[in-house]
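Structural overview
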Amino acid sequence: MKIRNSLVFMVVLALLVGFGLSAQDKPAEPLKDAASEPVGPALGEPAPLFELNDLDGKPVSLASFKGKYVVLEWTNYDCPFVKKHYSSGNMQALQQKNIAEGVIWLVINSSAPGKQGNYPPEKWKELAAERKSAPTAILLDADGKVGKLYMAKTTPEMFVIDPEGRILFMGAIDDRPTTDVKDVEGAVNYVQLALREARAGYPVSVPISKSYGCSVKY
């Protein structure tokens, strides 16, 4: 009986040791490098810098506009939410008014090749002319690097950057998340509100809002 118990003990011990060894031999899961994870923009912090080509193939750098207010507008002309603001003339009016007051207005398209809203530069020029859109520049981000840098999720999605290069506002253009043109009238336009308050020396009362629209077609 003692011999049998000893044999059982030895078998159990061997199994436990074997299990321990196999667990140790198993490759460890690679640790996630937190630094490699995209952080995205943060209110009050410096806006991520970038350089993109305009419709003439000329590079446009955000850093070159330090000292001015800058608006970033993510767009996709085929998105019904974008169409609402262009067919009503709302977006063009905002562009014209603020550019006349010294604001830099950059329109960015992050649609990937073959995806909705991606067009060659000449087609973009034609479409912008049809809409009478006249921003400071239309920038093409076909590989989506800048869109992902800003974690842009929808079209339209808006960012306002102050003359020091810090983010003042990000999110939805207004408080009416619909495709109905009639909703433009009477809406609280967060972009215009942020610019007006900042230029008057007041804190931005709505610095962030949840963006609405079509998903960016990365």
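Data block above holds the structure.
In this report, the structure presented in the accompanying data block is examined.

What counts and what doesn't
- Residues numbered from 1 in each chain as written.
- Predicted model: local features only at pLDDT ≥ 70, side-chain atom pairs only at ≥ 80, totals over all residues.
- Heavy atoms only, no water.
- Helix = DSSP H or I, 4+ residues; strand = E, 2+ residues; numbered from the N terminus.
- Buried < 20%, exposed > 50% of the residue type's maximum accessible area, 1.4 Å probe, protein only.
- Contact = heavy atoms within 4.5 Å.
- Areas by Shrake-Rupley, 256 points an atom, 1.4 Å probe, with all protein chains shown as cover.
- Disulfide = S-S within 2.5 Å.
- Arc of directions from axis to C-beta.
- Core = buried A, V, L, I, M, F, W, Y, C linked by side-chain atoms within 4.5 Å.
- Pairing = 2+ DSSP bridges.
- Axes fitted to C-alpha atoms, helices over the stretch in contact; angles between N-to-C directions.
- Right-handed = clockwise from strand over helix to strand, strands pointing away.

**Here's the deal with the overall build of the protein chain**
Across its full length, the protein chain carries six helices and nine strands. Among the 218 residues that make up the protein chain, the fraction classed as buried is 42%. In the protein chain, 74% of the contacts between residues at least 6 apart in sequence involve partners at least 24 apart. Roughly 12,300 Å² of accessible area belongs to the protein chain as shown, and the carbon and sulfur atoms make up 60% of that amount.

**Some remarks on the state of the cysteines**
Using the criterion set out here, one finds one disulfide in the structure. The partner cysteine of C79 in its disulfide is C214, sulfur to sulfur 2.1 Å. Here the S-S torsion is close to 90°, and the disulfide linking C79 with C214 is therefore right-handed. With C79 in the loop between β3 (70–74) and α2 (80–87) and C214 in strand β9 (residues 214–215), the pair connects residues that are 135 residues apart, well separated along the chain. With relative accessibility at 12%, the residue C214 sits in the buried group.

**Observations regarding helix α4 (residues 121–131)**
Turning to α4, its buried residues number three or more, namely W124, L127 and A128. Each buried residue of α4 sits inside an arc of 100° when the element is viewed along its axis, so together they form one side. Looking at α4, the residues exposed on the side facing more than 90 degrees away from the buried face are E122, A129 and E130. In the core, the buried residues of α4 are packed alongside β4 (104–109) and β5 (137–140). Looking one or two residues past α4, K132 carries a phi angle of roughly 55°, positive in sign.

**Quick look at the nonpolar core**
Core analysis: the largest hydrophobic core is formed by 31 residues, its most contacted members being V71, Y77, W105, M158 and V191. Mapped by element, the contributors of at least two residues to this core are α2, α3 (90–100), β4, α4, β7 (157–161), β8 (167–171) and α6 (190–199). Broken down by element, the residue count for this core peaks at five residues, all from α6. The contacts of V71, once residues within four sequence positions are left out, are V103, I104, W105, L106, M158, F159, V160, V191 and L195. Ranked by size, the runner-up nonpolar core spans 22 residues in total, among them V60, L72, L106 and F159.

**A short note on the sheet that holds strand β2 (residues 59–61)**
What the seven strands build is an open sheet, ordered β2-β1-β5-β4-β3-β7-β8; its pairing is mixed. One side of each edge strand has no neighbouring strand; the edge strands of this open sheet are β2 and β8. Taking the axes of each pair of neighbouring strands and ignoring which way they run, one obtains an average angle of 30° across the sheet.

**Let's talk about the pairing of β5**
Within a regular beta strand, the side chains point alternately toward one face of the sheet and then the other, so they alternate between its two faces. Here strand β1 (residues 51–54) runs beside β5; their pairing, made up of two bridges, is antiparallel. Counted as the bridge partner of N53 is L140 from β5. Following the chain from β4 across α4 to the adjacent parallel β5, one finds a crossover that is right-handed.

**Observations concerning the side chain of Q192**
For Q192, the location among the structural elements is in helix α6. The contacts of Q192, once residues within four sequence positions are left out, are L94, K97, N98 and R199.

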